[in-house]
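Descriptive structure summary
The chain contents come next:
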Amino acid sequence: MKTLEIAVIPGDGIGKEVVPEALRVLDAIADIHEGLKFNYTHYPWSSEYYVEHGTMMPENGLELIKGSNAIFLGAVGDPNLVPDHVSLGGLLLRIRREFEQVINVRPAKQLRGMVSPLSNPKNFDILIVRENSEGEYSSSGGRVHNGIDEIVVQNAVFTKRGVSRVMEYGFEIAGKRNGHLTSATKSNGIAHSMPFWDEVFNELSAGYPDIKTRSEHIDALSAFFITRPETLDVVVASNLFGDILSDLGAAIMGSIGIAPAANVNLNGKYPSMFEPVHGSAPDIYGKGIANPIGQIWTAKMMLDHLGEPEMGAIVLEAIERTLEANIKTGDIGGSSTTSEVTDAIIAAMKEQIR
Ligand SMILES: NC(=O)C1=CN([C@@H]2O[C@H](COP(=O)(O)OP(=O)(O)OC[C@H]3O[C@@H](n4cnc5c(N)ncnc54)[C@H](O)[C@@H]3O)[C@@H](O)[C@H]2O)C=CC1
Ligand SMILES: CC(=O)C(=O)O
Ligand SMILES: [K+]
Ligand SMILES: [Mn+2]
């Protein structure tokens, strides 16, 4: 029996609604695959936890989840309770950074049964590879003085190690897909970090003669996501650019509610973390209408990562069959509830093994 230890952190808002739904899907997978079992340990770390304890997780929080095979997270952020930079910084970004989850992989592809807002989407299939530990989201900087004299410095940190690592991951994964890697740059406006980014990209591309490369400035690239997404394969981007591109990728798929993500640790010292692209969606929380597909597709990425790609394929096929059957939440034009969509996905999984 292969038993996988999963640290479960639903977090805030709809994270608390969609995570239990995705666990139902994982339980159905364990029913299908008799040699596989999931052991969940639930952690209530969230903005509410902060209000009670003055911290997003206990002092030994990282120790508690370090030994798990993977972390399965919903979303963090309840701006009415805790400022976002405190809640995300104290939980989500902290785990990403301290567990050296240096890459964030985010697919954006057209699923069967989804209606893209693009009038002519042409079957795009993009994989965004986002740098996940430094760049514009570094905690380096500070504030001094007050009033009109106040000075704020936010440093964007780019290391040779970090940039090479994310690009190499991009080259490798492009080799397993369509062999095309696009680099998101802005070296016409950002004078130090982005020319460096381009240099490293050009340097590394020499070692991957079979990969076709392309560099695009982030502004133009954003437009290409809309006007010709089918020309993109793997896109490698800095932390901020990758963050923005992945909401854009989600939008052209049809909703941010379906977009999955994996925060990958490459050195094996710590677990990887799986969480959808979307946040806690306070505007729809508590109504039972959140789209569970982002969290469920994220569970598929976790299954792939944990060496169960056949099980992952069953989940994605079931998602597509459910969309084709028009069983959808409101964000994608349907009227089904969160749990009705999950029920349909689980039924479509069982149908495949009959
Ligand atoms: N990785 C994370 O945990 C993230 C956390 N956040 C946090 O979440 C909170 C809200 O942030 P927003 O900028 O509003 O982003 P958001 O992703 O939570 O919501 C943006 C819009 O998409 C909709 N939406 C998101 N997920 C959906 C789903 N599964 N089904 C249906 N509709 C969905 C929301 O209703 C909202 O209209 C903030 O506290 C923010 O900091 C935001 C992004 C990522
Ligand atoms: C924080 C955020 O927006 C993200 O990781 O996508
Ligand atoms: K999330
Ligand atoms: Mn984001």
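Further up the page is the structure itself.
Described in the following lines is the structure provided in the data block. Keep in mind it's a predicted model, so treat the numbers as computed, not measured.

1. Describing the site of ligand 1
Taken together, 23 residues form the shell around ligand 1, and within it Asp84, Gly279, Ala281, Asp283 and Asn291 come nearest. Within the contact set of ligand 1, a nitrogen atom lies 3.0 Å away from a side-chain nitrogen or oxygen of Glu275. Here ligand 1, which alone exposes 800 Å², has 73% of that area covered by the protein. Per-element tally for the shell around ligand 1: the top contributor is helix α4 (residues 84–98), with three residues.

2. Observations regarding the site of ligand 2
Neighbouring ligand 2 are Leu88, Arg96, Arg106, Arg130 and Asp243. Coverage of ligand 2 by the protein chains reaches 76% of its 210 Å² of free accessible surface.

3. Some details on the coordination of the potassium ion (ligand 3)
Protein ligation of the potassium ion (ligand 3) involves Gly74 (O), Glu275 (OE), Pro276 (O) and His278 (O), the donor distances falling in the range 2.6 to 2.8 Å. Counting along the primary sequence, the residues that act as donors to the potassium ion (ligand 3) give the motif G-x200-E-P-x1-H. Taken together, the positions of Gly74 in strand β3 (residues 70–75) and Glu275 in the loop between β12 (272–274) and α9 (293–305) put the pair 201 residues apart, joining distant regions of the chain. Each member of the pair Gly74 and Glu275 is classed as buried.

4. A few points about a nonpolar patch on the surface
Side chains of Val144, Ile151 and Val153 sit close together on the surface and give an oily, nonpolar patch of about 230 Å² of accessible area. For Val144, a relative accessible area of 43% corresponds to the partly exposed category.

Cut-offs and rules
- Residues numbered from 1 in each chain as written.
- Chains lettered and ligands numbered in written order.
- Predicted model: local features only at pLDDT ≥ 70, side-chain atom pairs only at ≥ 80, totals over all residues.
- Heavy atoms only, no water.
- Near = heavy atom within 4 Å.
- Polar contact = N/O pair within 3.5 Å; in protein donor to acceptor, adjacent residues only side chain to side chain.
- Areas by Shrake-Rupley, 256 points an atom, 1.4 Å probe, with all protein chains shown as cover.
- Helix = DSSP H or I, 4+ residues; strand = E, 2+ residues; numbered from the N terminus.
- Donors = N, O, S within 2.8 Å, 3.2 Å for Na, K, Ca; no water.
- Buried < 20%, exposed > 50% of the residue type's maximum accessible area, 1.4 Å probe, protein only.
- Patch = residues over 30% accessible without salt bridge, like charges linked within 9 Å, V, L, I, M, F, W, Y side chains within 5 Å.
- Salt bridge = Lys/Arg side-chain N within 4 Å of Asp/Glu carboxyl O.

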